[in-house]
Number of protein chains: 2
Amino acid sequence: MTDTLHGAAEFDLIARIRARVANRDDVVLGIGDDAALLQVPVGQHLVVAMDTLNAGVHFPEDTAPADIGWKALAVNLSDLAAMGAEPAWCTLSLSMPQSDAGWVDGFLDGFLELAAQRRVSLVGGDTTRGPLSISVTVHGLVAPGRALRRDGARVGDDVWVSGTLGDAGAALQQWRDGAPRDAFLRQRLDRPTPRIALGLALADVANACIDISDGLLADVAHVCRASGVGVSLRVGDLPASPALRATFDEDARRALQAGGGDDYELCFTAPGELRDEVQRLAAQADTAVTRIGTVIEGQGVQAVDADGAVWNASRAGYEHFG
Amino acid sequence: MTDTLHGAAEFDLIARIRARVANRDDVVLGIGDDAALLQVPVGQHLVVAMDTLNAGVHFPEDTAPADIGWKALAVNLSDLAAMGAEPAWCTLSLSMPQSDAGWVDGFLDGFLELAAQRRVSLVGGDTTRGPLSISVTVHGLVAPGRALRRDGARVGDDVWVSGTLGDAGAALQQWRDGAPRDAFLRQRLDRPTPRIALGLALADVANACIDISDGLLADVAHVCRASGVGVSLRVGDLPASPALRATFDEDARRALQAGGGDDYELCFTAPGELRDEVQRLAAQADTAVTRIGTVIEGQGVQAVDADGAVWNASRAGYEHFG
């Protein structure tokens with residue numbers, strides 16, 4: 001781990017991070033050298049994802065440091081969940097305008113809380129001077145042939161989604177409007193839950209999987225392109241939280257559910273004959289899942305109302321914060 | 001690989017990157033899913049390093065995109081070289097103010113030129129909106145027990161350095177002063193050479209190794225701390241390029257050699273009885289190496305003149321660009 005912030009406080013920063021990190025047994029060498037040394041178990045594929053959060057783009061500037069820390073790791077773990085991988089290690093590159101130990105302490109509170117929950121070791125990275133930006137690379141493990149991919153959806157598959165949709169987008173909307181911010185919705189925006197247990201449970205049943213970061217319609221479209229299929233979604237079946245129902249009318253709610261980003265739920269497809277098995281595995285993983293559509297021939301995503309009419313999704317494109 | 005830049009050009013950007021990438025045989029799944037799937041050979045440790053370059057901090061804003069691309073990968077490969085690891089894969093997170101296909105093409109020219117030279121596959125990452133910033137994570141391989149670390153230096157070891165010192169710092173100085181920029185020095189700043197072959201060759205002889213990113217004195221101090229030893233450096237023996245000799249007087253030159261960052265040479269220690277073997281292995285790796293000091297008892301780095309007097313290193317602290 002290298003540190004190129006200015007001043008005497010710099011080296012304290014690395015020491016500060018290192019002192020709080022717990023290493024797994026498979027970390028041969030963690031923070032403190034030019035690179036980390038890690039032991040990948042025989043018979044496992046390495047799974048690698050990397051995502052960056054920039055201040056003012058991926059989170060409002062007034063987000064608490066601990067929430068930024070949580071989210072920076074969560075969005076990466078969500079990618080591993082979508083592959084059906086077990087998380088193992090991560091590296092962190094933190095750019096900040098000046099060395100600010102208090103901010104870093106808060107950031108680590110959130111980052112390391114999630115890391116400890118999911119048994120992920122922080123093994124390296126760097127700290128640099130620059131506009132506030134957090135890059136994380138996560139490493140996970142999956143048995144060969146058991147990874148969930150985007151390209152396996154088959155015509156006739158059910159389309160499923162975990163949890164509820166639109167909550168994070170709703171929180172962002174309230175923030176934009178200067179409206180009172182619902183605590184549940186805000187938690188969903190600031191502290192997304194990576195659906196790791198569900199991803200692991202789906203290996204035997206799902207044909208394709210993706211996590212919802214850009215918005216349901218946009219992400220399902222990725223699956224369609226990769227799998228060479230179309231998807232018909234039933235807008236009326238999209239799961240909504242009580243908080244979302246209480247704060248937005250039906251039109252606004254549907255737009256948020258179909259188009260809002262940052263939910264980090266898993267969307268997956270599975271054969272219709274495995275419906276009961278999907279429900280059983282999801283219950284074991286302690287994660288609610290809802291059937292929201294069907295894989296069809298053709299290409300692209302079609303959203304239909306309860307009466308079968310095509311739903312106007314014009315309001316449902318993903319918008320970034322800021 | 002996910003892309004969260006705005007507009008229709010976004011998806012072209014990922015497609016643009018993907019179209020130019022060559023995958024190694026051990027890449028099971030590269031760019032285009034939630035994460036990459038990689039095959040780590042049995043009996044090898046995974047080596048992971050992550051470094052970020054920010055515009056205006058790590059490179060002047062007027063640096064050519066191809067040079068930024070080269071350097072973003074090179075500084076990471078240098079970390080693998082310092083561990084004695086063989087590079088394998090990398091991920092890239094690119095933040096830019098707006099989607100600019102021409103800039104990305106130039107960036108990829110440099111990035112992928114170096115990746116092809118060193119047989120590194122770009123397997124994932126993301127593109128996001130934000131101030132210009134490039135994070136790279138590199139993955140390498142090393143046999144257990146053969147990694148070069150910072151903590152193995154022993155009293156009596158020779159201290160060696162590869163290549164020449166101070167060239168990159170000199171180029172930065174010329175840029176800062178608005179002086180005519182020497183082409184060789186500028187190349188050393190913009191296109192550092194990761195000393196991979198040398199790192200691989202040193203496994204059997206070196207006791208400790210680090211790459212020089214922050215400046216010789218600062219980086220040798222890291223080795224001293226990690227190994228619990230001191231180092232005495234002979235300032236007069238530090239290797240200088242003809243270009244550096246031609247453009248800076250002795251005082252300025254020594255300050256740049258001892259304190260200038262961004263050289264990305266390897267500094268390593270090895271037992272005195274292996275001097276000839278070190279020279280032989282370095283010649284095989286086609287890399288010049290120079291003995292510049294000795295590991296001593298105590299702590300910290302002492303720099304001495306040819307007459308044994310302590311050299312005043314006050315001018316030699318590392319300064320970032322900007």
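The structure we're discussing is the one just above.
Presented here is a report on the structure given in the accompanying data block. (Residues numbered from 1 in each chain as written. Chains lettered and ligands numbered in written order. Predicted model: local features only at pLDDT ≥ 70, side-chain atom pairs only at ≥ 80, totals over all residues. Heavy atoms only, no water.)

1. Some details on the relation of the copies chain A and chain B
Phase 1: It takes a turn of 180 degrees to lay chain A on chain B, together with a shift of 0.0 Å along the axis; the resulting RMSD is 0.0 Å. Here the transformation between the copies is reduced to the relation of a two-fold axis. Identified as the residue of chain A closest to the rotation axis by C-alpha distance is V42 of chain A, at 3.0 Å.
Phase 2: Take the interface residues of chain A: 100% of them recur as interface residues in chain B, which is what a same-surface contact looks like. (Least-squares fit on C-alpha atoms with pLDDT ≥ 70 in both. Contact = heavy atoms within 4.5 Å.)

2. Re the packing of aromatic side chains
All names here are of chain A.
Phase 1: Evaluated as defined, the whole model comprises 6 aromatic pairs over all chains.
Phase 2: Plain terms: the ring middles of W103 and F107 are 5.3 Å apart, the flat faces sit at 20 degrees to each other, and that makes the pair stacked. With W103 and F107 both in helix α3 (residues 101-117) and 4 residues apart, this pair spans about one turn of that helix. Taken as a pair, W103 and F107 share a single burial class, namely buried.
Phase 3: Cluster of aromatic residues (ring-pair linked, three or more members): W103, F107 and F111. (Phe/Tyr/Trp six-rings, centres within 6.5 Å; stacked < 30°, edge-to-face > 60°. Helix = DSSP H or I, 4+ residues; strand = E, 2+ residues; numbered from the N terminus. Buried < 20%, exposed > 50% of the residue type's maximum accessible area, 1.4 Å probe, protein only.)

3. Section: the packing of helix α2 (residues 65-82) of chain B against helix α3 (residues 101-117) of chain B
Residue and element names in this part refer to chain B.
Phase 1: Closest axis-to-axis distance for the α2/α3 pair is 6 Å, and the angle between their directions is 35 degrees. Of the two possible hands of crossing, α2 and α3 adopt the one that is right-handed. Seen from α2, the contacting residues are P65, A66, I68, G69, W70, L73, A74 and L77; seen from α3, they are W103, G106, F107, D109, G110, F111, E113, L114, A115 and Q117. (Axes fitted to C-alpha atoms, helices over the stretch in contact; angles between N-to-C directions. Left-handed = near helix turned anticlockwise from the far one by under 90°.)

4. Section: the interface of chain A and chain B
Size of an interface: often given as the accessible area lost when the parts come together.
Phase 1: Facing 59 residues of chain A, the contacting portion of chain B comprises 59 residues.
Phase 2: Between chain A and chain B, a total of about 4,800 Å² is buried, with carbon and sulfur atoms accounting for 55% of that surface.
Phase 3: Of all residues in chain A, D34, M50 and R150 of chain A bury the most surface against chain B, accounting for 15% of the area lost on that side.
Phase 4: Our enumeration of links across chain A and chain B arrives at 4 salt bridges.
Phase 5: Where chain A touches chain B, the interface holds 21 residue pairs in polar contact (both at pLDDT 80 or more).
Phase 6: The biggest single contributor to the side of chain A that touches chain B is strand β4 (residues 45-54) of chain A, with 9 residues. (Buried area = accessible area lost by both parts, 1.4 Å probe. Salt bridge = Lys/Arg side-chain N within 4 Å of Asp/Glu carboxyl O. Polar contact = N/O pair within 3.5 Å; in protein donor to acceptor, adjacent residues only side chain to side chain.)

5. Structural notes on the pattern of salt bridges
Residues and elements named next belong to chain A.
Phase 1: Summed over the entire model, instances satisfying the criterion amount to 38 salt bridges over all chains.
Phase 2: Here D67 ties to R191 by a salt bridge, and the two come within 2.7 Å at their closest N and O atoms. Of this pair, D67 sits in helix α2 (residues 65-82) while R191 sits in the loop between α5 (183-190) and α6 (196-201), and the two are 124 residues apart along the sequence.
Phase 3: D67 gets classed as buried once you look at its relative accessible area, which sits at 15%.

6. Focus: the sheet that holds strand β13 (residues 300-304) of chain A
All names here are of chain A.
Phase 1: Spatial ordering of the open sheet is given by β9-β11-β8-β12-β10-β13, a layout of 6 strands whose pairing is mixed. The sheet is open, and its two borders are formed by β9 (208-211) and β13, each paired with just one other strand. Between one strand axis and the next, the sheet turns through 25 degrees on average, direction left out of account.
Phase 2: In the sheet, strand β8 (residues 158-162) pairs with strand β12 (residues 289-296) via 5 bridges, with the strands oriented antiparallel. Counterpart to W160 in the pairing with β12 is R291.
Phase 3: On top of the sheet, α2 reaches β9 and β11 (266-270); it is set at about 175 degrees to β9, its chief contact. (Pairing = 2+ DSSP bridges.)

7. Comments concerning unusual backbone geometry
All names here are of chain A.
Phase 1: Non-glycine residue D286 carries a positive phi angle of around 60 degrees.
Phase 2: Mapped onto the elements of the fold, D286 is located in the loop between α10 (275-284) and β12.
Phase 3: D286 sits in the exposed class, given a relative accessible area of 71%.

8. Description of helix α4 (residues 167-177) of chain B
Think of an α-helix as 3.6 residues a turn; residues three or four steps apart then line up on the same face.
Residue and element names in this part refer to chain B.
Phase 1: Three or more residues of α4 are buried, namely D167, A168, G169, A170, A171, L172 and Q174.
Phase 2: Buried positions along α4 lie against α5 (183-190), α8 (242-247) and α9 (250-259).
Phase 3: The positive-phi residue at the C-terminal boundary of α4 is G178, with phi of around 65 degrees.

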